[in-house]
Amino acid sequence: MIRFSLVCEREHDFEGWFRSNDDFDKQKKRGFVECPSCGSHKVEKALMAPSVSTSRRQEKMALAMGEQQRQAMVQLKALADKMRENSDYVGDKFAEEARKIHFGEADARGIYGEATIEEAQSLAEDGVEFMPMPTFPDDRN
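Quick notes on the rules
Residues numbered from 1 in each chain as written. Predicted model: local features only at pLDDT ≥ 70, side-chain atom pairs only at ≥ 80, totals over all residues. Heavy atoms only, no water. Pairing = 2+ DSSP bridges. Helix = DSSP H or I, 4+ residues; strand = E, 2+ residues; numbered from the N terminus. Buried < 20%, exposed > 50% of the residue type's maximum accessible area, 1.4 Å probe, protein only. Axes fitted to C-alpha atoms, helices over the stretch in contact; angles between N-to-C directions. Parallel < 35°, antiparallel > 145°, perpendicular 65-115°, else oblique. Contact = heavy atoms within 4.5 Å. Nonpolar A, V, L, I, M, F, W, Y, C, P; charged D, E, K, R; others polar. pLDDT = per-residue confidence, 0-100.

Draft legend 1. View of the pairing of strand E1 (residues 2–8). In terms of strand pairing, E1 meets strand E2 (residues 13–18) through six bridges, oriented antiparallel. By the bridge assignment for E2, Ser-5 is matched with Glu-15. Where E1 folds back onto E2 in an antiparallel hairpin, the turn is made up of four residues, including Glu-11, whose phi is positive at roughly 65°. As paired strands, E1 and strand E3 (residues 43–45) are joined by three bridges and run antiparallel to one another. Bridge pairing in E3 places Val-7 opposite Glu-44.

Draft legend 2. Spotlight on the environment of Arg-3. Its location among the elements puts Arg-3 in strand E1. Taking the relative accessible area as the measure of exposure, Arg-3 reaches 36% and is therefore partly exposed. Along the primary structure Arg-3 and Asn-21 are separated by 18 residues, whereas in three dimensions their C-alpha atoms are 9.8 Å apart.

Draft legend 3. Structural context of the packing of helix H3 (residues 94–102) against helix H4 (residues 117–125). In the contact formed by H3 and H4, the axes pass within 10 Å of each other and the chain directions differ by 10°. Looking at the two axes, H3 sits roughly parallel to H4. Facing Phe-94, Ala-95, Ala-98 and Arg-99 of H3, the residues of H4 in contact are Glu-119, Ser-122 and Leu-123. Of the residues that constitute the contact of H3 with H4, the class distribution is four nonpolar, one polar and two charged.

Draft legend 4. Layout of the confidence of the model for the protein. Predicted confidence across the protein gives a mean pLDDT of 83, with 83% of residues reaching 70 or more. Scored below 50 in pLDDT, residues 49–59 shows zero contacts in the model against residues more than four places distant or in partner chains.

Draft legend 5. Layout of the sheet that holds E1. Strand order across the open sheet formed by three strands is E2-E1-E3, with antiparallel pairing between neighbours. Where the open sheet ends on each side, the last strands, each with one partner, are E2 and E3. Sheet twist, expressed as the average angle between the axes of neighbouring strands with direction ignored, equals 40°. Against the sheet, helix H1 (residues 21–29) touches E1, E2 and E3, its axis set at about 170° to E3.

In C-alpha cells form, the structure reads like this:
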C-alpha cells in the first residue's frame with residue numbers, strides 16, 4: 001500500500017492509501033477519490049517529502065483537533081468498533097486467512113488482524129481486497 005498526500009481544488013490537504021500509482025489514477029478517473037472536507041473530486045497528488053529515518057525516534061504523529069476533527073474522530077472510532085464487532089480476529093494470521101477467503105479455501109466472512117507491509121503488498125498484488133484499520137489509544141491494552 002502507498003500513502004499519498006492529496007490536495008483538492010480548494011486546497012484542502014488530506015491523505016489516501018492506494019495499492020499503486022495506477023490504482024490512484026484509476027480511482028480518480030472513476031470519481032472515487034473525493035476530498036473529505038468539501039467533497040470535491042478535483043484532487044491531485046501533493047508534493048511529498050521522502051520519509052527519511054533519523055536518529056531521533058518518532059513514534060506518533062499528533063493532530064491538534066478542533067471540533068470538526070473531534071467529531072470525525074468519534075465517527076471513525078465508532079466505525080472501526082462496528083467493523084471489529086462484526087468480524088473475526090485472526091491475529092498475525094491475517095494475510096494467510098484473507099488469501100484463503102479470497103481463493104475460496106475458507107468461508108467468506110469479515111476478518112481483522114495484523115499484517116506486515118510485505119504481506120499487505122503481496123495481498124494487494126494477488127487482488128485481495130482489504131484496508132488498514134485505524135487504532136486508537138484506548139484500543140491497546
